[in-house]
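# Survey of secondary and tertiary structure
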Amino acid sequence: MAPPQKRPAAESAALAREKTRIKKEAAQHFAVKAAEEGPTAKLNTLPKPLSLPLKSTALLCIDFQKDFLDVGGFGHALGNDVTKLADECLPGAGKLLDAARKLPLAAIIHTKEAHREDLADCCEMKLCGPRCPPEDKRIGQVMVEGMGRLLVDGSPGNDFVDAAKPLDGEIVVPKPGKGAFFMTGLNEILRDKGVSHLIVCGVTTEVCVQTTMREANDRGYECVLVEDATASYIPKFKASVIEMVRSQGGIVGYTVEQAEVHWSGRCHSPPLVEDEITSSSSMITWTLPIFLFHFCSSENDPSTTAIDGKPEVSSAETMETYDEAEKHLDNGDLQLCVRSAEDALAESHNAGRPPVALHLLVRAKKRLGAPAGDLVREASEKARSQEMPWKAAVKLAEISLSLGESRLSDAIEEAKDLRSLAAELPAAEGKLHRLTLSIQVTVQLARGALDEAMRAAMELLAAAQRRQDKGAEAGAWLRIAEVHRHREMMTGSSATASTAEETLQASERSAELYRGAAGAGVDAAAELRRGVGSAQVEAASACVRLGRLRQSISLATEAMGVFRSLGFLHRLTGALDVELEARRQLMEPMIGLQAANRELQLLRENKGDGEATRGFSQAEAEILEAIARTHGALSEPLGAVRNALLAAELRKEIQDEVGETSALLLAADQQRNLGEMIDATETAERALALARKTSHARHEEEAARVLSRVLAERGLNDQAPQRPQALQALEALISAVKLRDGAAAKDSERMLNSYGNLVTNKDIADHVVPLISRDPDSVKFLREELGWNIEKPYTQKQSGKEIRHLDFYLAHRLSGMGFGPQFKVCDMPWRVWGSTPAAVSVNQLPETEAWQMEMMFRPGFIDAGLQSGMVHAPFFDQ
Ligand code: TIU
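Numbering of residues begins from 1 in every chain and follows the order in which that chain's sequence is written. This being a predicted model, a pLDDT of at least 70 is required before a residue's local features are given, and a value of 80 or more before pairs of side-chain atoms are given or counted; all residues contribute to the totals for chains, interfaces and linings. Hydrogens are left out, water is left out, and the side-chain values use all remaining heavy atoms of the structure.

An unreviewed UniProt entry lists the protein under the name Isochorismatase-like domain-containing protein, with Durusdinium trenchii given as the organism. UniProt positions are given in the numbering used here, feature names are shortened, and annotations may be inferred rather than shown by experiment. Quoted verbatim from the Sequence similarities (unreviewed entry) field of UniProt, the annotation for the protein is "Belongs to the isochorismatase family."

### Here's the deal with the overall build of the protein
In this text, helices come from DSSP runs of H or I with a minimum length of four residues, and strands from runs of E with a minimum of two, each type numbered from the N-terminal end. If you tally the helices and strands in the protein, you get 35 helices and 11 strands. Of the contacts made within the protein by residues no fewer than 6 positions apart, 67% connect residues no fewer than 24 positions apart. Any two residues whose heavy atoms approach within 4.5 Å are treated as being in contact.

### Examining the pairing of strand S3 (residues 57-62)
For S3, the buried fraction is high: 6 of the 6 residues fall into the buried class. Throughout, exposure labels follow a simple rule: accessible area from a 1.4 Å probe, protein chains only, divided by the maximum for the residue type, with under 20% read as buried, over 50% as exposed, and the rest as partly exposed. In S3, alternate side chains face the same way, and those of Thr-57, Leu-59 and Cys-61 on one face and Ala-58, Leu-60 and Ile-62 on the other are all buried. In this structure, S3 lies alongside strand S6 (residues 197-203), joined through 6 bridges in parallel fashion. Looking at S6, one finds that Leu-59 is bridged to Ile-199. When DSSP finds two or more bridges between two strands, those strands count as paired.

### Observations regarding the site of the ligand
Here a residue counts as near a molecule or strand whenever at least one of its heavy atoms sits within 4 Å of it. Close to the ligand lie Asp-63, Phe-68, Leu-78, Glu-113, Lys-178, Val-203, Thr-204, Val-207, Cys-208 and Tyr-233, which account for all nearby residues. A 3.5 Å cut-off defines polar contacts: any pair of N or O atoms within that distance qualifies, except that in protein one atom must be a possible hydrogen donor and the other a possible acceptor, and neighbouring residues in sequence count only when both atoms are side-chain atoms. The side chain of Thr-204 places a nitrogen or oxygen atom 2.8 Å from an oxygen atom of the ligand. Contact distances for the ligand include 3.2 Å between an oxygen atom and a backbone N or O atom of Cys-208. Per-residue and other accessible areas follow the Shrake-Rupley method at a 1.4 Å probe size, with only the shown protein chains counted as cover for residues. Coverage of the ligand by the protein chains reaches 94% of its 280 Å² of free accessible surface. Residues are grouped as follows: nonpolar covers Ala, Val, Leu, Ile, Met, Phe, Trp, Tyr, Cys and Pro; charged covers Asp, Glu, Lys and Arg; every other residue, Gly included, is treated as polar. Here the shell around the ligand is composed, by residue class, of 6 nonpolar, 1 polar and 3 charged.

### Remarks on unusual backbone geometry
In this structure, Pro-47 follows Leu-46 across a cis peptide bond, with omega equal to 5°. Residue Thr-204 follows Val-203 across a cis peptide bond; omega there is -15°. Following the sequence through the fold, Thr-204 ends up in the loop between S6 and helix H7 (205-218). Of note, the phi angle at Leu-119 is positive, near 60°, even though the residue is not glycine. With respect to the helices and strands, the residue Leu-119 is situated in the loop between strand S4 (107-113) and helix H5 (124-128).

### A short note on the environment of Glu-398
When you line up the elements, Glu-398 lands in helix H13 (residues 390-404). Take Glu-398: its relative accessible area is 22%, and that puts it in the partly exposed class. With 12 residues separating them in the primary sequence, Glu-398 and Asp-410 have C-alpha atoms 9.0 Å apart. In this structure Glu-398 touches Val-376 and Glu-414, once residues within four positions along its chain are discounted.

### Points about the packing of aromatic side chains
Pairing of aromatic rings covers Phe, Tyr and Trp, the last counted by its six-membered ring, and requires centre-to-centre distances within 6.5 Å; plane angles under 30 degrees mean stacked, over 60 mean edge-to-face, and any other angle means tilted. Under the definition given, this model contains 2 aromatic pairs. For the ring pair Phe-68 and Phe-74, a centre distance of 6.4 Å and an interplane angle of 85° mean the geometry is edge-to-face. Accessibility expressed as a relative area gives 6% for Phe-68, which makes it buried. For Phe-74, a relative accessible area of 6% corresponds to the buried category.

### What about the pairing of strand S1 (residues 40-43)?
Inspection of the sheet shows S1 paired to strand S2 (residues 50-53) by 4 bridges, in the antiparallel sense. What sits directly across from Lys-42, in S2, is Ser-51.

### Observations concerning the confidence of the model for the protein
Confidence scores here are pLDDT values: one per residue, from the predictor, ranging 0 to 100. On average, residues of the protein score 79 in pLDDT, and 77% of them reach the 70 mark or higher. In the model, residues 857-878 has pLDDT below 50 throughout and makes 52 contacts with residues more than four positions away in sequence or in other chains.

### Overview of the nonpolar core
In terms of nonpolar packing, the biggest core is built from 81 residues, with Phe-563, Leu-576, Ile-623, Leu-733 and Trp-788 touching the most fellow members. In terms of residue count, the dominant contributor to this core is helix H20 (residues 549-566) (9 residues). Excluding residues that lie within four positions of it along the chain, Leu-733 makes contacts with Ala-745, Ser-748, Glu-749, Leu-752, Leu-786 and Trp-788. Throughout, nonpolar core names a set of buried Ala, Val, Leu, Ile, Met, Phe, Trp, Tyr and Cys residues whose side chains join them through atoms within 4.5 Å. The next biggest cluster of nonpolar side chains, apart from the first, holds 41 residues, and it includes Cys-61, Ile-139, Ile-199 and Ala-231.

### Observations concerning the pattern of salt bridges
Any Lys or Arg side-chain nitrogen found within 4 Å of a carboxyl oxygen on Asp or Glu counts as a salt bridge. Scanning all chains against the criterion turns up 48 salt bridges. One salt bridge connects Asp-330 with Arg-571, and the closest N-O pair in it is separated by 3.0 Å. You can see Asp-330 sitting in helix H9 (residues 321-331) and its partner Arg-571 sitting in helix H21 (residues 569-585), a full 241 residues away along the chain. In this structure, Arg-564 and Glu-599 form a salt bridge, with 2.8 Å as the shortest nitrogen-oxygen distance. With Arg-564 in helix H20 and Glu-599 in helix H22 (residues 589-607), the pair connects residues that are 35 residues apart, well separated along the chain.

### Observations concerning the packing of helix H18 (residues 500-518) against helix H19 (residues 526-545)
Note on geometry: axes are C-alpha line fits, over the in-contact stretch for helices, and angles between N-to-C directions span 0 to 180 degrees. The N-to-C vectors of H18 and H19 enclose an angle of 160°; their axes lie 8 Å apart at closest approach. Between H18 and H19, the angle falls in the class roughly antiparallel. The chirality of how H18 crosses H19 is left-handed. For the pair formed by H18 and H19, the contact residues are Ala-500, Thr-503, Leu-504, Ser-507, Glu-508, Ser-510, Ala-511, Tyr-514, Arg-515, Ala-517 and Ala-518 on the first element and Leu-528, Arg-529, Gly-531, Val-532, Ala-535, Gln-536, Glu-538, Ala-539, Ala-542, Cys-543 and Arg-545 on the second. Its residues placed into classes, the contact of H18 with H19 shows 12 nonpolar, 5 polar and 5 charged. In these notes the angle categories are as follows: under 35 degrees is roughly parallel, over 145 is roughly antiparallel, 65 to 115 is roughly perpendicular, and the rest is oblique. The hand of a helix crossing depends on one turn: near helix anticlockwise from the far one by less than a right angle means left-handed, and clockwise means right-handed.

### A look at the environment of Ala-712
Looking at the secondary structure, you find Ala-712 in helix H27 (residues 697-713). Look at Ala-712 and you get buried, because its relative accessible area is 2%.

### Here's the deal with the sheet that holds strand S8 (residues 254-256)
Across a sheet, strands are paired by hydrogen bonds formed along the backbone, either parallel or antiparallel in direction. Spatially, 6 strands are ordered S5-S4-S3-S6-S7-S8 in an open sheet, and the strand pairing comes out parallel. Of all strands in the sheet, those bounded by a partner on one side alone are strand S5 (171-175) and S8. Across the sheet, the mean angle separating the axes of adjacent strands is 25° when strand polarity is ignored. Pairing analysis gives 5 bridges linking S3 to S4, with the strands arranged parallel. Across the sheet, residue Ala-58 finds its bridge partner in S4, namely Ala-107.

### Some words on the environment of Ala-595
Along the chain, Ala-595 falls in helix H22. For Ala-595, a relative accessible area of 4% corresponds to the buried category. Between the C-alpha atom of Ala-595 and that of Ile-627, which follows or precedes it by 32 residues, the distance is 10.0 Å. Residues contacting Ala-595, with those up to four places away along its chain left out, are Leu-576 and Glu-579.

### Notes on the side chain of Gln-670
Relative to the assigned elements, Gln-670 resides in helix H25 (residues 657-674). Every residue in contact with Gln-670, bar those within four places of it in the chain, is listed here: Gly-632, Pro-637, Ala-640 and Val-641.

### Let's talk about H9
Where burial is concerned, most of H9 is hidden: 11 out of the 11 residues are buried. Burial in H9 covers these residues: Thr-321, Tyr-322, Asp-323, Glu-324, Ala-325, Glu-326, Lys-327, His-328, Leu-329, Asp-330 and Asn-331. Where H9 terminates, the next one or two residues include Gly-332, which has phi positive at roughly 85°.

### A closer look at the side chain of Arg-583
Position of Arg-583 among the secondary structure elements: in helix H21. For Arg-583, a relative accessible area of 12% corresponds to the buried category.

### Section: the packing of helix H17 (residues 470-489) against H19
Between H17 and H19, the least distance of the axes is 10 Å, while the angle of their chain directions is 25°. Comparing the axis directions of H17 and H19 gives the class roughly parallel. Crossing of H17 over H19 shows left-handed handedness. Residue-level contacts link Gly-471, Leu-478, Ala-481, Glu-482, Arg-485, Glu-488 and Met-489 of H17 to Leu-528, Ser-534, Ala-535, Glu-538 and Arg-545 of H19. Class assignment for the residues of the contact of H17 with H19 results in 5 nonpolar, 2 polar and 5 charged.

Structure follows, in structure tokens:
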């Protein structure tokens with residue numbers, strides 16, 4: 001045999017790039033790296049001792065269900081003696097759960113083997129194949145009253161046993177197979193939570209536990225099997241699994257005898273809630289004996305950081321009442337904003353601020369639904385009683401209302417009035433003047449008058465420079481950056497174009513000035529610190545557009561720190577969005593997901609049950625939506641659906657119906673990608689109803705589009721809300737052909753195509769046949785203008801075979817492809833015409849398309865051929 005060859009010294013840059021790409025893509029399937037910081041636990045595992053990084057460790061409890069542990073369950077139906085199982089593993093599992101719940105683990109997850117009620121997720125082999133139990137003891141059947149249907153989600157017998165029930169906040173993963181990774185979102189959940197290590201327990205050892213451990217091992221998770229918290233109906237199998245797992249140096253993972261090891265050492269407290277900034281650095285010594293885990297101190301000094309290395313979200317530092325009001329408005333805590341603004345008005349000591357506080361008050365009350373007339377009246381009364389420049393105050397209130405109702409010309413006029421008023425008020429002049437200009441920038445941006453907006457922003461800068469007010473100058477540069485950003489995006493407008501470089505420069509200048517004005521940091525006015533953060537986000541997003549992705553991430557991260565410490569949660573999630581986009585472009589979306597989940601965790605820990613929970617819930621929902629979108633981009637619809645539905649739930653809780661609609665739309669679209677068409681229909685219908693209720697035209701349109709698409713894919717075109725419009729487009733097309741209007745025909749065809757399969761080939765035939773029989777020349781027009789080939793006669797006989805979609809899908813799944821083709825509709829060739837109508841059209845889900853591209857097929861063709869048992873060959877030869 002030839003000796004091994006030496007590797008060539010250098011590889012081409014292209015090859016190296018390709019390798020990096022493959023590595024990054026592969027990484028999406030793998031566990032993340034172990035946490036480097038935070039507490040660790042030393043375990044006496046075999047084949048060697050293991051140090052668990054607690055921050056990235058999850059406890060995974062497999063199938064502690066009555067179906068396996070109780071008489072009358074599925075395990076019993078299989079012919080097992082189930083009576084010894086509970087004693088063998090539940091005491092150990094109870095101790096393990098108790099201990100784990102006291103630790104800062106990444107997650108506690110409970111799986112359950114559970115099929116959907118319709119058993120669509122149970123393959124025939126498992127349901128009624130030759131290795132199944134006899135009739136009446138099969139999945140979905142009721143063997144013993146009181147236990148319900150065997151192994152079906154929601155049945156009493158499918159629930160967890162009392163000794164190992166999940167608590168609130170713990171994750172439950174239903175699974176249709178033995179392995180917990182098969183057809184579940186478990187891998188995404190673990191990856192999102194930054195999990196590298198799994199402590200595994202559950203039943204039965206050699207079936208679901210071992211299968212799951214093997215699946216986890218292949219995905220890069222380090223697993224530890226806890227021996228006294230797992231059991232098998234066949235004791236020698238448990239012993240064998242334990243031996244197997246740790247043989248060959250730990251081929252599947254580690255094992256540890258029991259959960260009981262006395263704890264010693266110190267641990268700092270988990271992040272505390274509310275305003276106690278100092279609590280993050282306090283050390284406490286736990287006096288409880290803790291099972292299993294033996295703490296070691298964290299490598300970095302824990303006294304300076306919270307448990308996860310981050311400071312907690314604070315709701316107030318040295319913030320003035322005015323800043324508080326601003327924060328609450330930004331976070332959507334409107335009642336709190338009203339209260340802080342009223343306090344700020346009462347404190348009226350700072351020239352120029354009272355009118356601004358009134359401005360905040362009016363905006364918050366407006367968003368709470370107060371009538372405009374009342375608000376103006378209230379503003380003028382408040383202004384008079386506070387002895388503030390009331391004319392200016394009322395004018396400001398009017399402007400707020402005009403802006404809120406998009407009456408932009410009114411706002412412009414009012415801003416001019418305000419300006420002349422400002423000049424008459426020496427004490428407040430500077431502030432009011434700048435506020436006027438700032439409003440002008442806002443209004444001109446809203447009108448799309450970008451050069452006018454830039455002029456106002458420049459004037460704002462000049463005014464600040466005249467007064468040598470660094471903070472105001474910083475604010476002006478931020479507005480300039482904002483206008484540049486709009487000018488970057490402008491298309492077909494007459495305004496001057498800007499580059500991302502210009503946006504970046506202006507925002508960097510702003511950050512620098514804000515930082516200078518804020519001085520040493522923590523004690524600085526919240527307004528200035530917030531300015532630093534906002535300027536950094538603007539700069540970070542410009543960096544994304546410039547492809548400077550690492551720089552973008554570091555800016556966004558810094559900004560998040562600022563907003564977190566000030567409690568500006570909405571801005572915090574805005575900064576996070578920028579980081580996610582940069583991570584996505586860097587092809588490291590999982591790191592973004594981890595960051596998002598960390599932020600989510602932090603929000604939840606700090607939420608408390610105080611009054612400001614609305615802002616927390618809103619920010620939580622925003623992060624969940626960002627996570628859902630990222631999963632969507634990664635073609636992980638399970639993760640996307642789960643997070644989008646959680647977001648919708650939160651939005652509902654805080655009665656944010658507009659937000660709820662958009663979360664539902666996101667969920668519906670992903671349920672469609674997942675093939676959960678019934679769920680997708682229901683979700684889209686809910687979204688449509690909400691959009692109508694809130695009179696949100698864009699959402700209504702979007703919901704009608706999603707719902708129509710789903711219904712069409714289910715073959716329920718007639719129920720689709722956009723069906724009438726789609727038919728109108730077809731009629732418009734026919735009229736355009738009659739009039740020989742090429743441009744109109746093309747427009748209508750584009751319109752028609754945008755409705756996808758809402759209009760069927762039969763509809764087209766029903767319209768086209770009468771047309772060409774009355775007007776034979778239209779065939780030529782259709783060919784020349786639209787390229788429709790409807791005159792080509794068929795020379796061969798058509799044949800078609802219909803195969804039920806589900807059968808076809810399952811056949812492919814079971815024959816080893818792992819999934820089946822996922823098209824929904826297959827008729828005959830689209831717009832091919834002969835003596836008898838014949839058309840093929842195929843609608844596909846994105847997954848199928850990607851799969852076909854990989855196999856170098858043009859999307860659609862193989863499905864069409866496969867399903868219809870080979871349609872008319874000449875069509876494919878063309
Ligand atoms: N039959 C058996 O031992 N186990 C299962 O079917 N499922 C689980 O292990 N959970």
